[in-house]
Amino acid sequence: MDIIFNYVNGHQLLISSLILILAYVFIAWEKISKVTIALLGATVTIFLGLVSQTPGVDSENSHYFINFVDFNVIFLLVSMMIIVNIANKSGIFSWVANALLKKTKGHPVAIMWVLGLFTAVASAFLDNVTTVILVMPITFLVAKKLDINAVPLLIMEILASNIGGTATLIGDPPNIIIGSKAGFSFLTFLKELTGIVAVIFVVSMFVLYFAFRKQLVADKEKMDEIARLDNSDTIADKMLAIRSSVVLGLVVLGFVTHDITHIESCLVAMAGASFLLIFEQPKTILRSVEWNTIFFFIGLFIIIGGFEAAGGIKYMAEWILQVTNGNESAMAMLILWASGVLSGVVDNIPYTATMAPMIYQIQLVEGAAYAHPLWWCLSLGACLGGNMTIIGAAANVIVSETAAAHNYPISFMKFLKYGLSITFVSLVLSSIYIYFRFLH
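Residues numbered from 1 in each chain as written. Predicted model: local features only at pLDDT ≥ 70, side-chain atom pairs only at ≥ 80, totals over all residues. Heavy atoms only, no water.

1. What about the packing of aromatic side chains?
Inspection of the entire model under this criterion finds 19 aromatic pairs. Both rings, one in Phe184 and one in Trp375, keep their centres 6.3 Å apart while their planes meet at 85°; by these two values the pair is edge-to-face. Of this pair, Phe184 sits in the loop between α9 (173–182) and α10 (186–212) while Trp375 sits in helix α20 (residues 368–385); the two residues are 191 residues apart in sequence, bridging distant segments of the chain. Its relative accessible area of 14% is what places Phe184 among the buried residues. You can call Trp375 buried: its relative accessible area is 0%. Judged by centre distance (5.1 Å) and plane angle (85°), the rings of Tyr435 and Phe436 are edge-to-face. (Phe/Tyr/Trp six-rings, centres within 6.5 Å; stacked < 30°, edge-to-face > 60°. Helix = DSSP H or I, 4+ residues; strand = E, 2+ residues; numbered from the N terminus. Buried < 20%, exposed > 50% of the residue type's maximum accessible area, 1.4 Å probe, protein only.)

Below you can see the structure in the form of structure tokens.
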């Protein structure tokens, strides 16, 4: 055993890199649960001494494994899941979606735009998985009533959810990681990303309209059924709907006013979740929290902590600076396009969790002004790149599996045909935006 520990101590960078790479490979393989891989990798990282099991005498400089877990991210995720799950019980989200559908008079093209807009906006404030779970039953109902194929609408919703989630701090897990590491507020994300995300969404919807327009045709009688959709019984609990809507609104307001109040986003979300839990059975609500995702994050942070403690993050930062000769524009475009391509192949959460410390290291060397556009390149690339393949983001996989169960199969190649096009358009528009906004 001493021989093993001596070898690890002499080859910490090699061993930590190997653990990180193997974790990526097994996560992409998808034969073993990714939370199992993350926790197993974290256990090995701690056991081999790549990070410390105890705080040590000097806690500030210690490589204690707890220090590498970003609890801002953890508590923000858990709190938002609690708020959304409680609000969803009231039926408020379905009521809003149905009310918007009635405005379309049952026209399939108008329905595509309304569902796309609802999905994108909802994904900016809820997590993508929750949003698609909310909108899919409505989509299946509409497809059945209009006697049209649901696949175009489902593909559109996947793409819209990933685009919309890019716009805010809480819209997509990569942004939560970036916001915590870079110290960006909710308002900063709105200022820097919402505009370009809106442009990308509109352009993408037009691309999808031209791709699907021949399939979005329905009889007049069937369209009238949607126009007469009964939405009176959608809200199951009016008091809960009011209470959860007010709390969700106040939480978002708390995010927006961070620059004034200086209250961290995780604390604002925790306050909202705690208040709503007063009126609920916590045991029931906590069952609906995606604990797999939470423990996946914790395990991943520890694995990357081992890589960081061994000097791997610093090495990556120095390598990128060397390859680009310190050219900010070259580095920005490299990070944007590499993030976009890689996030279409591997899960964008571990990718972002690895890249964020690297950009932070570059920031320490070159300064905050130099690194500022790099953070937005990482955000745009990681979030939008999830649209490339059917396994690029969790929402993609959930929609694909649910669609197949409803006899609307979405094959890997079928999705790739549209996902690749939208991702390319998104990255081109992002490149133009980054260049003229930060680099020109």
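2. Things to note about the pattern of salt bridges
Going through the model one piece at a time under the given rule, you end up with three salt bridges. Notably, a salt bridge pairs Asp224 with Lys220, separated by 3.0 Å at the nearest N-O pair. With Asp224 and Lys220 both in helix α11 (residues 220–227), this residue pair falls four residues apart, about one helical turn. The partly exposed category is assigned to Asp224, whose relative accessible area is 25%. (Salt bridge = Lys/Arg side-chain N within 4 Å of Asp/Glu carboxyl O.)

3. Quick notes on the environment of Leu380
Position of Leu380 relative to the elements: it lies in helix α20. Note: C-alpha distance between Leu380 and Trp337 (43 residues apart in sequence) is 9.3 Å. Apart from residues no more than four positions distant in its own chain, Leu380 is found in contact with Thr166, Leu193, Ile196, Leu336, Gly385, Ser430, Tyr433 and Ile434. (Contact = heavy atoms within 4.5 Å.)

4. So, the side chain of Ser204
Checked against the element boundaries, Ser204 lands in helix α10. Residue classification places Ser204 among the buried positions, given a relative accessible area of 2%. In this view, Ser204 contacts Ile163, Ile422 and Ser426; residues no more than four positions away in its chain are not counted.

5. So, a nonpolar patch on the surface
Taken together, Leu18, Ile21, Leu22, Val25, Phe26, Trp29 and Ile32 make up a surface patch of nonpolar side chains, about 630 Å² in accessible area. Relative to the assigned elements, Leu22 resides in helix α2 (residues 12–29). According to the relative accessible area criterion, Leu22 is partly exposed, its value standing at 41%. (Patch = residues over 30% accessible without salt bridge, like charges linked within 9 Å, V, L, I, M, F, W, Y side chains within 5 Å. Areas by Shrake-Rupley, 256 points an atom, 1.4 Å probe, with all protein chains shown as cover.)

6. As for unusual backbone geometry
Backbone geometry places Lys105, a non-glycine residue, at a positive phi of 60°. Within the secondary structure, Lys105 is located in the loop between α5 (92–103) and α6 (108–125). Residue class for Lys105 comes out exposed when judged on its relative accessible area of 57%.

Note that every value here comes from positions in space, so none of it alone points to a role or purpose.
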